[in-house]
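# Structure assessment
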Amino acid sequence: MSITKELIDRINYLSRKSRTPEGLTEVEKTEQARVRREYVDAIKARVKDTLDRVEIVDADQITTTTAPQSADGQGGAGASVTGQGHNCECPACNTKNGEKLH
């Protein structure tokens, strides 16, 4: 089950038509319910798949790594670094011992 452009277009068409004076026929109302359910199920599947791949790490067990230095003396892009001019205030950085985690 996937979200296609055609599915979105059909959902939008039926939604617009439902707000017109003529409204939807019974067949279209049934189709509208079906395509909306298909869309919601596809979103749920994506969220579940994403959450299934999430790994929760206890902050006490995180080991920081030092990224290779770039030309400007800062760590490499996307690497976890500590003490290299990082000024993030995100919850991940506000650990018990005050270390910056990324």
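Residues numbered from 1 in each chain as written. Predicted model: local features only at pLDDT ≥ 70, side-chain atom pairs only at ≥ 80, totals over all residues. Heavy atoms only, no water.

### Thoughts on a nonpolar patch on the surface
Applicable threshold: Within the patch definition used here, like charges are joined within 9 Å and nonpolar side chains (Val, Leu, Ile, Met, Phe, Trp, Tyr) within 5 Å, considering only residues with over 30% relative accessible area and no salt bridge. Note on areas: these come from Shrake-Rupley sampling with a 1.4 Å probe, and a residue is covered only by the protein chains present in the view. A carboxyl oxygen of Asp or Glu within 4 Å of a side-chain nitrogen of Lys or Arg is what we treat as a salt bridge. Secondary structure elements follow DSSP: runs of H or I of four or more residues count as helices, runs of E of two or more count as strands, with numbering from the N terminus.
A cluster of nonpolar side chains, contributed by Tyr39, Val40, Ile43, Val47, Leu51, Val54 and Ile56, occupies part of the molecular surface with about 630 Å² of accessible area. For Ile43, the position within the fold is in helix α2 (residues 26-52).

### Details of the nonpolar core
In plain terms, the rule: The set of buried Ala, Val, Leu, Ile, Met, Phe, Trp, Tyr and Cys residues whose side-chain atoms join them within 4.5 Å is what this entry labels a nonpolar core. Type-normalised accessible area, obtained with a 1.4 Å probe on protein chains alone, sets the label of each residue: buried when under 20%, exposed when over 50%, and partly exposed for intermediate values. Should any heavy atoms of two residues lie within 4.5 Å, those residues are considered in contact.
The biggest cluster of nonpolar side chains holds 5 residues, and these are Leu7, Ile11, Leu14, Leu24 and Val35. Among residues more than four places away in sequence, those in contact with Leu7 are Ser2, Val35, Glu38 and Tyr39.

### Description of helix α1 (residues 5-18)
Worth spelling out the cut-off: One less than the number of residues in a helix, times 1.5 Å, gives the span that helix is expected to have. Throughout, the arc means the angular range of directions from the helix axis out to the C-beta atoms.
Helix length check: α1 (14 residues) gives 20 Å between terminal C-alpha atoms against 20 Å at 1.5 Å per residue, within 8%. Of all the residues in α1, the buried ones are Leu7, Ile11, Leu14, Ser15 and Lys17. For α1, the arc enclosing every buried residue in end-on projection is 165 degrees, short of the 170-degree limit, so these residues lie on one face. Exposed and oriented more than 90 degrees from the buried face of α1 are Lys5 and Glu6. Turning to α1, the residues buried within the fold contact α2.

### Re the confidence of the model for the chain
Rule in force here: pLDDT measures how confident the predictor is about each residue, on a scale from 0 to 100.
Looking at the chain as a whole, the pLDDT averages 78, with 60% of positions reaching at least 70. Counting interchain partners and residues more than four positions distant, the pLDDT-below-50 stretch residues 77-85 has 21 contacts.

### What about the pattern of salt bridges?
Summed over the entire model, instances satisfying the criterion amount to 10 salt bridges. The closest approach of N and O atoms between Lys17 and Glu28, which form a salt bridge, is 2.7 Å. Linking Lys17 in helix α1 with Glu28 in helix α2, this pair joins segments that are 11 residues apart in sequence. Comparing Lys17 with Glu28, the two get one shared label, buried. Across the pair Arg53 and Asp49 runs a salt bridge whose closest N-O atoms are separated by 2.9 Å. One network of salt bridges, in which partners are shared, links Arg10, Glu31, Arg34 and Glu38.

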